[in-house]
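These are the residues of each chain, in order.
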Amino acid sequence: MKVLKGKIILLLLHILLAFLTAEKTFSLTFRQCDLYNSTNLSLEELGTTAGCSVLFSLPKINTSIKLNGSVTVNKTEYASWEDLFLLPISFLKENSTLRYGNKIDFSFSKLPFQTEILLGTLSFSKAYSRLKSPELSLKGSLHSPSQIALGFAPRLPSYTSKENPFSIALELTPKEKLKKVPALQASYNNDCTLFSLYKILPLTLQSTPLDLSYSVTGAYFYLSKNIPSTWYLKQPYFLSGSYTALEAETSISTPHARLSFALGMHESPFSLPKIWFRSEDSLLIENFTLNTSFFYADKGIITLDGSYMHTLMQAQINPQVKFSINKKSIHTGIIFAADFLETSARIPENYKKYSCSSKILIQEKKLSKSLEGTVKYSTQTDEVSYAINAEYNKKLGKFKSKSKAYLYKTSEKEKLTLTQEITPHKGFISGAQVSLVSQREQESNEWQCQKLTASGSLRISSGKAKITGKLTFLVTF
């Protein structure tokens, strides 16, 4: 026992010494100060986000430590500019969002795993997002072939993350000696416990290389009882309690095909567990790509965040083709999507949504331009909506220019957004953007400006310190 304690003390001293003599990098980020002003330029609302990120590198023991934190003062009203500088601490506690995190990454030579430990208001995605909302989202008509992502990806909060509870997470990635052992992810907070095992296996089938991957993710989460806001319940009543959800995923990837399937199971307070199925597949033949997606779910699934899922079935198909004309690279595609859903009423009714989107992208040496059109129809509202999105990018010497125009139209209104961005290749100014939003109502039949946004970003680097900032002004009409 004394020998073990001595080794632990020696290891701690080694880490402390390496920490003090380590190569350190420091970055400070100040993000977004939004000023909302009326015609008399009086300050009405304020939203400010400031953050700091510090990275310590300890190469002697193959360890890095990253500290991340940011705070957002929520938008609120002020009587004058002076109020901006007289904010009491009690106001900040009630009207701010705090994000913080710490990630320790180490790989000792005697340990068979690359280890990551994360603490703070962490964010999660991939399998965690699917257990919260497993249905398909409508992708762009030129989206790249993709597969269902593995694990639940614990990560430090970004500067725009929503407020999350304090969590602790662990990720163990096997080294080359244990290449057949799956990676492990685990996380815990007061609302949910997560675990995941996943692995990617490179194989060869008749001289054709392929990757076989699989993952299993589980969640043990708490649901509060649904308290009615009216005298009747839209959804069946259930008591508070802890429930489980599972997802199993497998994928196969070859040079010409990608297949991935996910099966989810959610414990139900009313009946046997409910299941959903999801697939995302791609066929790649030279310059032609065909993407397909499918989703099916039982009725009455309660997801990880306690919401009822109303999507019953979805199907998407997306052919794409690439070719060249006169040194111009042309990429075009179209996506068709059909969704079968039910309403959230106590006695639900079924309805359908249909979508079609097509895009063409033309690229030259210093120029790219694209045009995309989207049409959507819902049998629930019997309404058709249209959207047109045009983009023009060009390199101008030391700058890159991006111009965008977006038009959205329904039977009741039209909305037009014009955006111009300038990004220099070098220098402390990293970008500038101006955006104008205008809208026309069916009743008035006149275009009216809604808001004008102007923003600028700067970037300053000196040695191991990096400072970036963004200032945004928003004028409403």
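In case you missed it, the structure is sitting above this.
Residues numbered from 1 in each chain as written. Predicted model: local features only at pLDDT ≥ 70, side-chain atom pairs only at ≥ 80, totals over all residues. Heavy atoms only, no water.

Remarks on the pairing of strand β17 (residues 367-378)
- Note that strand β16 (residues 350-363) and β17 share 11 bridges and pair antiparallel. Residue pairing in the sheet places S358 in a bridge with G373 of β17.
- Here β16 hands over to β17 after 3 residues, the two strands then running antiparallel side by side.
- Direction of pairing for β17 relative to strand β18 (residues 383-396): antiparallel, over a ladder of 12 bridges. Residue Y377 lies in a different strand from β18, and its bridge partner there is V384.
- Hairpin remark: β17 followed by β18, antiparallel, with 4 residues in the connecting loop; positive phi at D382, about 55°. (Pairing = 2+ DSSP bridges. Helix = DSSP H or I, 4+ residues; strand = E, 2+ residues; numbered from the N terminus.)

Here we look at the side chain of T115
- With respect to the helices and strands, the residue T115 is situated in strand β5 (residues 113-120).
- Residue class for T115 comes out buried when judged on its relative accessible area of 7%.
- Excluding residues that lie within four positions of it along the chain, T115 makes contacts with I104, D105, F106, L170, E171 and L172. (Buried < 20%, exposed > 50% of the residue type's maximum accessible area, 1.4 Å probe, protein only. Contact = heavy atoms within 4.5 Å.)

Quick notes on the layout of surface pockets
- When its volume is computed, the largest pocket comes out at roughly 470 Å³.
- Every residue lining the largest pocket is counted, 25 residues in all, and those nearest its centre are Y128, K132, K162, N164 and P165.
- Among the elements of the structure, α3 (127-132), β8 (192-205) and β9 (208-223) are those that each provide at least two residues to the lining of the largest pocket.
- Classifying every residue of the lining of the largest pocket by side-chain character gives 10 nonpolar, 9 polar and 6 charged. (1 Å grid on protein atoms, 1.4 Å probe; cavity = no way out; pocket = protein on both sides within 12 Å on 5 of 7 lines; lining within 4 Å. Points joined across faces, edges and corners; volume = space filled by probe spheres on them. Nonpolar A, V, L, I, M, F, W, Y, C, P; charged D, E, K, R; others polar.)

Quick look at the nonpolar core
- Within the largest apolar cluster, 27 residues are counted, with the highest numbers of intra-cluster contacts made by L194, A219, F221, W276 and L304.
- Elements supplying a minimum of two residues to this core: α3, β8, β9, β10 (241-254) and β13 (288-297).
- The element contributing the most residues to this core is β9, with 3 residues.
- When residues no more than four places from it in sequence are discounted, the contact partners of L194 are F124, Y128, F152, Q185, A186, S187, G218 and A219. (Core = buried A, V, L, I, M, F, W, Y, C linked by side-chain atoms within 4.5 Å.)

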